[in-house]
Amino acid sequence: MSSYHFNDIEAKWQANWAKNNTFKAKNPSDSNAELPPSYYVLDMFPYPSGAGLHVGHPLGYIASDVYARYKRHKGFNVLHPMGYDSFGLPAEQYAIQTGQHPAETTKVNIEGGVDKSGKQIEGYRRQLDRIGFSFDWSREVRTSNPEYYKWTQWIFIQLFESWYDEKQDKARPISDLISIFSSEGNTTVQATCDANTESFTAEEWTNLSEAAQQKILLKYRLTYLAETEVNWCPQLGTVLANDEIVNGVSERGGYPVVRKKMKQWSMRITAYAQRLLDGLQTIDWPQPLKDSQTNWIGRSEGASVTFSVKDHDATIDVFTTRPDTIFGVSFMTLAPEHELVGEITSEAQQQAVNEYIEATAKRSERERMADVKTISGVFTGAYAIHPFSGKEIPIWIGDYVLAGYGTGAVMSVPCGDQRDYDFAKHFAIEIPNIFKGVDISEAAFADKENTIITNSDFLNDLSYKEATKKAIEALEAKGHGTGKINYRLRDAVFSRQRYWGEPFPVYYKNGLPQMIALEHLPLTLPEVEKYLPTEDGEPPLGRADVWAWDTKANKVVANTLVDDETVFPLELNTMPGWAGSSCYMFRYMDPNNSDALAATEAMRYWDSVDLYVGGSEHATGHLLYSRFWVKFLYDRGHLLVDEPIKKLINQGMILGESAFVHRVEGEHKLVSAGLANNYNTQPIHADVSLVNTSNELDVAAFKQWRTEFEDAEFITEGEGTFKVSREVEKMSKSKYNVVSPDEICDRYGADTLRMYEMFLGPLEQAKPWNTAGITGVHSFLKKLWKLYHNGANNSFQVTDKPASKDSLKTLHKTIKKVEEDIENFSFNTSVSTFMIAVNELGAQKCNSKEVLQPLLVLISPYAPHIAEELWNKLGHPESIATAQFPVFDEKHLVESSKEYPISFNGKMRFTLELPLDMSKDDIEAAVMAHEKTAHYLEGRSPKKVIVVPGKIVNIVG
RNA sequence: GCCUUGGUGGCGGAAUUGGUAGACGCGCUGGAUUCAAAAUCCAGUUCUUUCGAGAGUGUGGGUUCGAUUCCCACCCAAGGUACCA
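Residues numbered from 1 in each chain as written. Chains lettered and ligands numbered in written order. Predicted model: local features only at pLDDT ≥ 70, side-chain atom pairs only at ≥ 80, totals over all residues. Heavy atoms only, no water.

## Comments concerning the nonpolar core
Phase 1 of the analysis: Residues W265, F494, F586, W629 and L855 are the most contacted members of the largest nonpolar core, which totals 178 residues.
Phase 2 of the analysis: The element contributing the most residues to this core is helix α6 (residues 146-160), with nine residues.
Phase 3 of the analysis: Dropping the residues within four chain positions of it, L855 is found in contact with L784, L787, Y788, L811 and L841. (Core = buried A, V, L, I, M, F, W, Y, C linked by side-chain atoms within 4.5 Å. Buried < 20%, exposed > 50% of the residue type's maximum accessible area, 1.4 Å probe, protein only. Helix = DSSP H or I, 4+ residues; strand = E, 2+ residues; numbered from the N terminus. Contact = heavy atoms within 4.5 Å.)

## Section: unusual backbone geometry
Phase 1 of the analysis: Omega for the peptide link from L521 to P522 comes to 0 degrees, which places this bond in the cis form.
Phase 2 of the analysis: Structurally, P522 is set in the loop between β21 (512-515) and β22 (548-550).
Phase 3 of the analysis: Phi at N905 is positive, roughly 55 degrees, even though this residue is not glycine.
Phase 4 of the analysis: The topology assignment puts N905 in the loop between β33 (897-904) and β34 (907-915).
Phase 5 of the analysis: Look at N905 and you get partly exposed, because its relative accessible area is 47%.

## Here we look at the packing of helix α22 (residues 750-759) against helix α27 (residues 864-873)
Phase 1 of the analysis: Axis separation between α22 and α27 bottoms out at 7 Å; the angle between their running directions is 130 degrees. In this view, α22 runs oblique relative to α27, as classed from their interaxial angle. Taking contact as the criterion, the partners of A750, D751 and R754 in α22 are, on α27, P864, H865 and I866.
Phase 2 of the analysis: Classifying every residue of the contact of α22 with α27 gives three nonpolar, one polar and two charged. (Axes fitted to C-alpha atoms, helices over the stretch in contact; angles between N-to-C directions. Parallel < 35°, antiparallel > 145°, perpendicular 65-115°, else oblique. Nonpolar A, V, L, I, M, F, W, Y, C, P; charged D, E, K, R; others polar.)

## What about helix α3 (residues 89-98)?
Because each turn of an α-helix spans 3.6 residues, side chains separated by three or four positions end up pointing in the same direction.
Phase 1 of the analysis: Among all positions of α3, only A91, E92, Q93 and A95 are buried.
Phase 2 of the analysis: Turning to α3, the residues buried within the fold contact α4 (102-111).
Phase 3 of the analysis: The positive-phi residue at the C-terminal boundary of α3 is G99, with phi of around 75 degrees.

## Thoughts on helix α25 (residues 827-843)
Phase 1 of the analysis: Along its 17 residues, α25 runs 25 Å from first to last C-alpha, staying within 8% of the 24 Å computed at 1.5 Å per residue.
Phase 2 of the analysis: Within α25, burial applies to F827, N828, S830, V831, T833, F834, M835, A837, V838 and L841.
Phase 3 of the analysis: Here the buried face of α25 lies against α2 (58-73), α22, α23 (774-787), α24 (805-823) and α26 (849-859).
Phase 4 of the analysis: K845 lies just past α25 and shows a positive phi near 50 degrees. (Expected span 1.5 Å × (residues − 1).)

## Details of the sheet that holds β34
Phase 1 of the analysis: Overall, mixed pairing links the four strands, which are arranged β34-β33-β36-β35 in an open sheet. In the strand order of this sheet, the two ends are held by β34 and β35 (944-948), each with one partner. Strand-to-strand twist across the sheet, computed as the mean angle between neighbouring axes with direction ignored, equals 20 degrees.
Phase 2 of the analysis: Together, β33, β34, β35 and β36 (952-956) form the strand contacts of helix α28 (residues 920-929), whose direction differs from that of β35 by roughly 125 degrees. (Pairing = 2+ DSSP bridges.)

## Examining the confidence of the model for chain A
Phase 1 of the analysis: The share of residues in chain A with pLDDT of 70 or more is 98%, and the mean pLDDT across the chain is 90.
Phase 2 of the analysis: Put simply, helix α14 (residues 365-370) is where chain A has its lowest mean pLDDT, 59, and strand β2 (residues 77-79) is where it has its highest, 97. (pLDDT = per-residue confidence, 0-100.)

## What to know about the environment of R726
Phase 1 of the analysis: Here R726 is to be found in strand β31 (residues 725-730).
Phase 2 of the analysis: Owing to a relative accessible area of 29%, R726 belongs among the partly exposed residues under this scheme.
Phase 3 of the analysis: When the C-alpha atoms of R726 and S183 are compared, they prove to be 74 Å apart, with 543 residues separating the residues in sequence.
Phase 4 of the analysis: Discounting residues that sit within four places of it in the chain, R726 has contacts with E657, S658, A659, V688, V691, N692 and N695.
Phase 5 of the analysis: Within the structure, the side chain of R726 is placed 3.0 Å from the backbone oxygen of E657, a separation counted as a polar contact. (Polar contact = N/O pair within 3.5 Å; in protein donor to acceptor, adjacent residues only side chain to side chain.)

## A closer look at the pattern of salt bridges
Phase 1 of the analysis: Across all of its chains, the model carries 36 salt bridges by this definition.
Phase 2 of the analysis: E111 is the salt-bridge partner of K107, the closest N and O atoms lying 2.8 Å from each other. With K107 and E111 both in helix α4, this residue pair falls four residues apart, about one helical turn.
Phase 3 of the analysis: You can call K107 partly exposed: its relative accessible area is 45%.
Phase 4 of the analysis: Of the charged contacts, one joins E535 and R543 as a salt bridge, the two residues approaching to 3.6 Å between their closest N and O atoms.
Phase 5 of the analysis: The class of E535 is exposed, set by a relative accessible area of 66%.
Phase 6 of the analysis: One connected set of salt bridges, linked through shared partners, spans K107, E111, E140 and R142. (Salt bridge = Lys/Arg side-chain N within 4 Å of Asp/Glu carboxyl O.)

Spelled out as structure tokens, the structure:
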């Protein structure tokens, strides 16, 4: 073989790797000998959609693969697995449309084939294989596989069987809590629980019925049933996510959506708020990502204050970060959903309040929050009593107060908070000023630092800090409040009214949830005839005929057998998307274990993920929930670590370059982009595959694709060429700018694709894909190939002759730079470095093995196929994958002289080669003696000459 | 609004702690090779220029012998988001 036949080479080595299990990671149980140190490189696993991969998807996988391969060269036993997050909404939507079982379409999306509607699907696995990843496929997991989701169900049960002890600051078995209740009641225990939990004594507890006890325990369990507000769409009979709602109506169909309470499973993640915050200090994640988790958890310090309500028994609790401004309160605002609203509203205000509540229910939470300008609210007719002054304070409701944050009520201090200020102005409520020497006629004064309190009784003349402390002390003394830390973080709703998700291992006995024991798991998804909600609005599992739990036989039986004695109905909701992805990193450590999530021995060896690569869009979803579950399982002794991921890198998105043809407004004419300015035009997306690298449109093909333009006039420029304009957008099918990795592999090969993706720019940054530029890296690989094929007729030829000094220098500076780059995840600069090295070695006519052999190891993480082929030709029967990484030797880079830049007033004018061991004074003398120096000084005498040996000379004057 | 990231040639981007701005690649220009094309190779390519030089890393200031890099203020773009009491 004399020229670079990438297609043959790549197919050959991919087959070879698969056959020899080259990338199978060894577990301690696989070998008696001691294993090398472990290194765990993980990618966020993909959701296998029917659209297949585009060139943006593999970016992170290529980066992590380079790193994984590098670590193997460095002697590590590398775990680099891949799997599929295969439960999810698109498969379910597709099932609704086509009637195919989501399990089938998911399988086709992964493994390839033809689906029932005749669509030919390549399959994720084959697409991934073509790129030459070093994944250990023997460890593949699929979240929709029952053997996998058995463990997701198991984790759910563990959460149900646990409570959070705030004294020990960890989760404990629920049995511990039961024994505490029977010996001391619940007054001494400090546990995270529902806000409305009443206190009881040991005696009261023991006298409660079993059902009553279970109800109380549900208020403590880390997963619990609660009434939660959801976006309910009556027409669709289903719950919608925030982003499925546009302008208050459903995206699909445009039906009205209302806020409705629904009994749902929730996760008590709030118990872990502080630890999730603290844990961020211990992990090496990008600061922006840590910031968004910090903001999401939203810790704020302040006080909880209780206001009594005039003429009612009720009290209103508020949380405030400014207890120092308590004397500035001039009204209270409750969220319209606040539970007291119905109770305290006066008869006169009843109608206005009801109308307002109804109007609010129609607006989504996101809408309410996005709309900052509209001020709305209604007076309830009720008054609260100020805890210190005893003044009556009108109670309003307003939708700027959110039911889900804090207590759903605020003490409004208009002089100190802009929203309260705007509200007060709008409704002509008084705005007492409690800040000394501050003008509040135009706006509220929110500056804490420069605050001196006045008109505030015992808080007068105090600073923010002093007043806050004193106010809290006074509140505590009066029993009207206490210092408090509040978190924005809410408990996570865990129920989904969908089919294609993990079933809950739960059945209901007298309306109370019961868990199915581990030995009977997995509880597999039942068959249904349609994937839609039932006519009475129950989730799709409500359509299953065989969906009841027989507690005697311990199996799923027909619904007709339900007798509420031994056979009970099963839960109809399924788990959300993040359930299966929260702990999958541990399953890869020991994926076929049927007794545990993973064996202790395997977990001890692999520890946690050393490097995780994925998008930043998961910052507050997946990455927060995963940390929560891991901390929980750690508390309960099921995991050995309390953080799943040591280091994380976010890869940026690869954007597409959309192509636009310009249509002349109102006419059946299309005009070439260069002439578009002469017309009033409207851009229309053209498929990028119809456009060449010079932006010229294949007009005939375009006409065939968009037949409505078949007889349109095409106004061309130059010699009959019709050009499109380009714009960078997200890569997406709907924008016709998708480039598939398969077409790149066909034309240029996987090694070119891998290198080009790395070459595009810094990993973390978003960058546009431009296929035109790929020829650069492709011809680099051809040059690399040539370096080893300079014999007669371009035959393979590498000699044992010692390399020249220059070639060794090239090699070693490349080793140094590439090693630094990989360690810093600066893959784009490595590719440049390789290009420089190959250009130099080519110019040096280097063909000695001493240099060309280590060079292959350097390149192999990036372009593994060509490296394997040449490695093999060099006479190595074994794979290059575990060859030792070349060791950098400084001695080849030692220089005796330096090309000094000589600058005048900081501007470089010329260079001068001088020995590196020359003294400062001699350098100055040499520079001053140079003829060009006089020229640039133009007769001036220098004020100062700065000489930095080995760096620069700067002449000032 | 807030948070985050970024702004350098025609384009993607490079510049280790403040020390030769524009590496490397694309594109473009010219040339070689070819019947021709592709491919390959060679040279050039920040802008302005009176060919001496001058300007130049979003804008305006500052620190410094020297700033893409550090500080202050501002502008623009992208992503995220929560009216958070």
